[in-house]
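# Tertiary structure, described
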Amino acid sequence: MSFSAWAMFALFFLWSFLGMPIGHAMLASGIVYLLLTQQDIALVATQSLNGLYGSFVLLSVPLFIFAAEIMNAGGLTERMYGVANMLVGRFKGGLAHVNILASVIFSGMSGSALADAAGPGKLEVDAMVKAGYSPGFAAALSSTSAIIGPIIPPSIPMVLYGVVANTSIGYLFMGGVIPGLLLAGAQSAIVTVMARYKDFPVEPAPKLREAARTVFHAIPVLFLPVILLGGIYSGAVTPTEAAAVAAFCALLLAAFLYRSLTLKAFYRVLVDSSKATAIVAITIAGALVMNWVVAAEQIPEAMGQWMISLELSPVLFMFVVTVLFLILGAFLDTLLMLLIIIPILIPTVIALGIDPVHFGVVSVVNLMIGLVTPPMGELVFLIAGVSGIKVADITKELWPFLIALIGLLFVLVYVPQITLWLPEMAGYKVQGNFMR
């Protein structure tokens, strides 16, 4: 790399360390590189924006964010939570299992871990603390269960991975179904074990009439993920069109069927959605500039040659990348890693015979684990903020879940059939022969 490139990356990490938002740090450091190399900033901006505007699938990101905000503001998440409570609340540690199941249901609409934590997460923590669970455990479980959202489709991180890696979004979504359910199962197993020696409370079984009323009122909400995913997998709609359908249906249910979304609340939804979308958009804009620099410096080619010179086998490469992502994920922003680091690694992934769908799903799972890994676990701080529980109390209760999630991650890495089985059933042709 040239001196200008080293200066760009040094400035980026310095500004990020000083607290500058990731997107702004990427834009500013990228502009410094262009000034140092005396390149036409307007030309680079035009080329980057042309690539951005040509990506129709990126429109799904603000639409999924909008849908999740409507569900949270319009009370649709509470109806999902009520159904989950009716199904598993009666078991030992019932509300903890409800927490996980509610995240599984909500994941079929939001595609965002932060939306899950900010919406159902606060509701779940309050209910568990009121029932007698320790605040730290309730918040830790809500943090880890929220990572299911971007793994079970739809998934905003998978959309971004599909864009930068030029991989089918639909097959990525399919690949995330079984890993997402396994993550939920692993967390439920931890809860089951802990319930035996911590004497977790049991929720009273609902009366038949009450249960029937809960299910009846929630049926339209429960059908939303079915319509959304059915439309994508049947080919009736693209992921972007499905996101628009999800947002429109959520708005109809909240505003007209349940009449739980007031004009004031809808205005708040628009504001919050715009803010969240702006953050993502600025980050993508910064990533486009840095990716232009990475391409100009031929860093992917150099990285690929260096990897080949190390003569790493595909098995060892996946181990190194998995450990590297686990470490970096505890410190770096998820969008940064998806938009900058993944494109650098993709050529080597293809050259080593590793399927890009398998690598994508595993990478997203890995990065989601980073959202709850100390010291910078974003979900932990978010849950602490909305619940008022100390970060230290949450971190103490995280470790059993983190160990289980990391163990399952390595299973997903070295048993690619878990990820690829559903896509193959749908006609996907696996690329490469890693561990097959």
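Analysis parameters
- Residues numbered from 1 in each chain as written.
- Predicted model: local features only at pLDDT ≥ 70, side-chain atom pairs only at ≥ 80, totals over all residues.
- Heavy atoms only, no water.
- Helix = DSSP H or I, 4+ residues; strand = E, 2+ residues; numbered from the N terminus.
- Rg over C-alpha atoms; globule rule 2.2 N^0.38 Å.
- Buried < 20%, exposed > 50% of the residue type's maximum accessible area, 1.4 Å probe, protein only.
- Contact = heavy atoms within 4.5 Å.
- Areas by Shrake-Rupley, 256 points an atom, 1.4 Å probe, with all protein chains shown as cover.
- Lys, Arg positive; Asp, Glu negative; His and termini not counted.
- Charge placed at Lys NZ, Arg CZ, Asp CG, Glu CD.
- Core = buried A, V, L, I, M, F, W, Y, C linked by side-chain atoms within 4.5 Å.
- Patch = residues over 30% accessible without salt bridge, like charges linked within 9 Å, V, L, I, M, F, W, Y side chains within 5 Å.
- Salt bridge = Lys/Arg side-chain N within 4 Å of Asp/Glu carboxyl O.
- pLDDT = per-residue confidence, 0-100.
- Phe/Tyr/Trp six-rings, centres within 6.5 Å; stacked < 30°, edge-to-face > 60°.
- Expected span 1.5 Å × (residues − 1).

### A closer look at the overall build of the protein
- The secondary structure content of the protein amounts to 20 helices and 0 strands.
- For 436 residues, the compact-globule estimate of 2.2 N^0.38 gives 22 Å, and the protein sits close to it at 22 Å.
- The dimensions of the protein, computed from C-alpha atoms along their principal axes, are 70 × 45 × 45 Å.
- Within the protein, buried positions represent 51% of all 436 residues.
- Sequence separation of 24 or more characterises 78% of the internal contacts of the protein that already satisfy a separation of 6 or more.
- For the protein, the exposed area adds up to about 18800 Å²; of that, 70% sits on carbon and sulfur atoms.
- Treating the 18 positive side-chain charges of the protein as one cloud and the 20 negative ones as another, the clouds have centres 16 Å apart.

### Examining unusual backbone geometry
- In this chain, Pro153 is followed by Pro154 through a cis amide linkage whose omega measures 0°.
- With respect to the element layout, Pro154 can be found in the loop between helix H8 (135-145) and helix H9 (156-165).
- Phi at Asn166 is positive, roughly 55°, even though this residue is not glycine.
- Of note in this structure, Arg259 is not a glycine but carries a positive phi near 55°.
- Structurally, Arg259 is set in the loop between helix H12 (239-257) and helix H13 (263-296).
- The exposed category is assigned to Arg259, whose relative accessible area is 72%.

### Some points on the nonpolar core
- Counting residues in each nonpolar core, the largest one holds 131 residues, and the members touching the most others are Leu76, Phe137, Phe359 and Ile394.
- Non-local contacts of Ile394, meaning those with residues more than four positions away in its chain, are made with Gly136, Ala139, Ala140, Ser143, Val380, Ile383, Ala384 and Ile389.

### Observations concerning a nonpolar patch on the surface
- Taken together, Phe216, Ile219, Phe223, Val226, Ile227 and Val245 make up a surface patch of nonpolar side chains, about 560 Å² in accessible area.
- At 5 residues, helix H11 (residues 208-234) tops the list of elements feeding residues into the nonpolar patch.
- Relative to the assigned elements, Ile227 resides in helix H11.
- Take Ile227: its relative accessible area is 46%, and that puts it in the partly exposed class.

### Observations regarding H8
- Taking burial as the measure, the 11 residues of H8 include 10 buried ones, the bulk of the element.
- All of the buried residues along H8 are Gly136, Phe137, Ala138, Ala139, Ala140, Leu141, Ser142, Ser143, Thr144 and Ser145.

### Some words on the environment of Gln417
- Looking at the secondary structure, you find Gln417 in helix H20 (residues 417-425).
- Placed 59 residues apart in sequence, Gln417 and His358 show a C-alpha to C-alpha distance of 8.7 Å.

### Some details on the pattern of salt bridges
- Applying the stated criterion across every chain yields a total of 1 salt bridge.
- For Arg268, the salt bridge identified is with Asp272, shortest N-O distance 3.4 Å. Taken together, the positions of Arg268 and Asp272, both in helix H13 and 4 residues apart, correspond to about one turn of that helix.
- In this structure Arg268 comes out as partly exposed when scored by relative accessible area, which is 40%.
- Exposure remark for Asp272: the relative accessible area of 28% places this residue in the partly exposed category.

### Regarding the confidence of the model for the protein
- Put simply, the protein has an average pLDDT of 81, and 92% of its residues get 70 or more.
- Summarising per-element confidence for the protein, the mean pLDDT is lowest in helix H3 (residues 41-53) (67) and highest in helix H17 (residues 356-370) (93).

### Considerations on the packing of aromatic side chains
- In the structure shown here, the tally under the stated rule is 6 aromatic pairs.
- The interplanar angle of 65° and the centroid separation of 6.4 Å between the aromatic rings of Phe66 and Phe266 together place this pair among those described as edge-to-face. Of this pair, Phe66 sits in helix H4 (residues 60-73) while Phe266 sits in helix H13, and the two are 200 residues apart along the sequence.
- Using a relative accessible area of 17% as the deciding quantity, one classes Phe66 as buried.
- Their ring planes at 50° and their centres at 4.9 Å tell us that Tyr171 and Tyr428 sit as a pair that is tilted. Taken together, the residues Tyr171 in helix H10 (residues 169-198) and Tyr428 in the segment after H20 connect sequence positions 257 residues apart.
- Classification of Tyr171 as partly exposed rests on a relative accessible area of 23%.
- Members of the aromatic cluster, joined through ring pairs, are Tyr133, Phe137 and Phe401.

### Overview of helix H1 (residues 3-17)
- The end-to-end C-alpha distance of H1 is 21 Å, a good match for the 21 Å that 15 residues give at a rise of 1.5 Å each.
- The set of residues buried in H1 consists of Ser4, Ala5, Ala7, Met8, Phe9 and Phe12.

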